[in-house]
Amino acid sequence: VENYSKVVALWERSLIEEQLDRYSLEQSMTEIIVFGSRSAGVSGVHSDLDVLCVGRTRAKRKTPKLDLICIRSEECLSPEWLGSELGFHVAQYGIWLKGEPWWAKSAFAAPEAVRRKRRRIAKLTENVVSSWAKLHPVFRQRFSTTLRRELQRLDFLLKNVAVPPTPILDRDWTAGVFNCDMLVESAQLRSGAHKLVRLVAMAHSTLPSNVAQNPALQEFAE
Amino acid sequence: MAKRKRKLPKETIEAVVDGLREISDVFYFHEHESGTEGDSDDYFYEVSYTEPEDVEVAVAEFASELLNKKMITKKGSKAPSFSDVFEQIFGSDHDLTAKAQYFEGLVSEYEGYVSLEDMRAAKQVIDSMISTLSAEVKRGEDQSGKLF
C-alpha cells in the first residue's frame, strides 16, 4: 500500500512535469500500469518512471524522467504481447493505477522473446567489439554492463521467469547469484562468442571497479 | 525572454557536425520484394532497415570522440547520453538539445525493436540537426570563428 501511494504520487507529478493531458489520457486508456524499479520498490535517485497505458492508440514517449509506452487494448490478448519480455515483466511487477490485471496470469516467456534477446545480444556484441578501439572507457564500461544485464535477462526468459527490474539484476550479479560461463553459453552466439566471454568475464571479475581499465581488454583496442 | 546565445569555437561545431554525419550514415532502408513465386497475390514489399544496436554504438562513438577531444565531459562517472552532449555544448534550452531528446525516444528499443516509422523519423531528426549546424558554420565563416 505504501508503494502504491508513492507510485500514484510519482505518476501525478510526471503528468504535470511532462505536460500531459490527464483527462484525455485517462479517458482514452482502460489500463494505466506502473512497472520497473519504481513498482518493485527498488528505484534509485536517478530512476525514471516506467508506465504502460492500454487503450485506443499505440505510442511511446521517453524523457529522462518518464518512459511511457501505449499499446492498444486488443494487443493485450495477442500471443505476441503475452509472450513478450515486457508483457511478462509488467504482468509480474506492474502496479495497476487504472483497470484490472485481467491478462496478467496468461503472460509467459515465448520462444520469440528468447530469439529477440539472443539477436540483440549477438548484434550488440558484434558492434561493440568492432568499435571497441573508438569507444571512450566510460562507454566500454557501459556496454559491458549492458551486455551482462542482457545475458541475465536471457537467463530469466529461458527459465520462463519474468525479468526483474535492473537494480535486482545488479544486486544478484554482485551477490554472485549468476554463473558467468553459463550465461554466455545460453546466448548461443554464432560469432564473437569468445570476445563476449572475455568482456563479460572481465565485468564479472572486476565489479564494482572500472572494467575499461582492465589490461585484459586491451586486445580490443588494438 | 530571449534565449542567450552561446559563443562556441568553430572546431567544436565542426566536430559535432562530422559526428552527426557518421550517425546519419548508419541509417539504411532497403526495400525488397518478398513472397511466394507464382502467386502474385502473395507478393509484398519488405523493408530491412537499421537495427537499434547500430545506432546505439554509433552514438557512443560520437560521444567518445567528443570526450577524447575534451569538448565535453563525463556525467559524473557515467557516460553522457546523446542529449547530454547537446546540453553540455549548447545548453538545456537549445532546440538542438530538444531534438536530441526526441531522437533518443525514437531509437530507444523495446523488445529489441524500433519501428520502421520511428527509425525513419530518427534519421530525419539527425539530418535536420546537421542542416541547422552546417548553416551556422557557413554563416560564421565570415565572422570571428565563434558561433552560436
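Definitions and cut-offs
- Residues numbered from 1 in each chain as written.
- Chains lettered and ligands numbered in written order.
- Predicted model: local features only at pLDDT ≥ 70, side-chain atom pairs only at ≥ 80, totals over all residues.
- Heavy atoms only, no water.
- Helix = DSSP H or I, 4+ residues; strand = E, 2+ residues; numbered from the N terminus.
- Contact = heavy atoms within 4.5 Å.
- Buried area = accessible area lost by both parts, 1.4 Å probe.
- Salt bridge = Lys/Arg side-chain N within 4 Å of Asp/Glu carboxyl O.
- Polar contact = N/O pair within 3.5 Å; in protein donor to acceptor, adjacent residues only side chain to side chain.
- Nonpolar A, V, L, I, M, F, W, Y, C, P; charged D, E, K, R; others polar.
- Pairing = 2+ DSSP bridges.
- Axes fitted to C-alpha atoms, helices over the stretch in contact; angles between N-to-C directions.
- Disulfide = S-S within 2.5 Å.
- Buried < 20%, exposed > 50% of the residue type's maximum accessible area, 1.4 Å probe, protein only.

A.B. asks: Where do I start with the environment of Glu109(B) in this structure?
C.D. replies: Tracing the backbone through its elements, the reader meets Glu109(B) in the loop between α4 (95-107) and α5 (116-140). C-alpha of Glu109(B) to C-alpha of Arg120(B): the two residues are 11 residues apart in sequence and 14 Å apart in space.

A.B. asks: Sorry if this is basic, but what is going on with the interface of chain A and chain B here?
C.D. replies: Contact residues are listed per partner, giving 27 residues for chain A and 28 residues for chain B. Buried area between chain A and chain B, summed over both chains or domains, comes out near 2400 Å², and the portion from carbon and sulfur atoms is 55%. Inspection of the region where chain A meets chain B yields 9 salt bridges. Between Glu56(B) and Arg120(A) there is a salt bridge, and its shortest N-O distance comes to 3.0 Å. Between chain A and chain B we count 14 residue pairs in polar contact (both at pLDDT 80 or more) in total. Taken together, the elements giving at least two residues each to the side of chain A that touches chain B come down to β3 (59-62), β4 (66-72), α5 (85-93), α6 (111-131) and α7 (137-158) of chain A. In terms of residue count, the dominant contributor to the side of chain A that touches chain B is α6(A) (8 residues). Residue composition of the side of chain A that touches chain B, grouped by class: 10 nonpolar, 6 polar and 11 charged.

A.B. asks: Would you take a moment to explain the sheet that holds strand β1 (residues 29-35) of chain A for this structure?
C.D. replies: Within a beta sheet, neighbouring strands are joined by backbone hydrogen bonds and run either parallel or antiparallel to one another. Residue and element names in this part refer to chain A. Pairing within the open sheet is mixed, and its 5 strands lie in the order β3-β4-β2-β1-β5. Each having just a single partner strand, β3 and β5 (95-98) make up the two edges of the open sheet. With strand direction ignored, the average angle separating the axes of adjacent strands in the sheet is 20 degrees. Pairing between strand β2 (residues 49-55) and β4: 7 bridges, direction parallel. In the sheet register, Val54 faces β4, and the bridge partner there is Ile71. Together, β1, β2, β4 and β5 form the strand contacts of α5, whose direction differs from that of β1 by roughly 80 degrees.

A.B. asks: Even after reading the chapter, I still don't get the state of the cysteines, so can you show me in this structure?
C.D. replies: Simply put, the disulfide is a covalent bond whose two ends are the sulfur atoms of two cysteines. All names here are of chain A. On inspection of all chains with the given rule, the structure shows 0 disulfides over all chains. Note on Cys70: no disulfide assigned, nearest cysteine sulfur contributed by Cys53 at a separation of 4.5 Å. You can see Cys76 has no disulfide; the closest cysteine sulfur is in Cys53, sitting 11 Å from it. Judged by its relative accessible area of 0%, Cys76 is buried.

A.B. asks: Explanation requested: the pattern of salt bridges in the structure shown.
C.D. replies: Side chains carrying opposite charge are able to pair once their charged atoms draw close together. Within this structure, the stated rule accounts for 30 salt bridges over all chains. Taking the shortest distance from any N to any O, the salt bridge between Glu51(B) and Arg119(A) comes out at 2.5 Å. On the criterion of chain membership, the pair formed by Glu51(B) in the loop between β3 (44-49) and α2 (52-68) and Arg119(A) in helix α6 is interchain, its members lying in two chains. A relative accessible area of 23% means that Glu51(B) is categorised as partly exposed. Residue classification places Arg119(A) among the partly exposed positions, given a relative accessible area of 23%.

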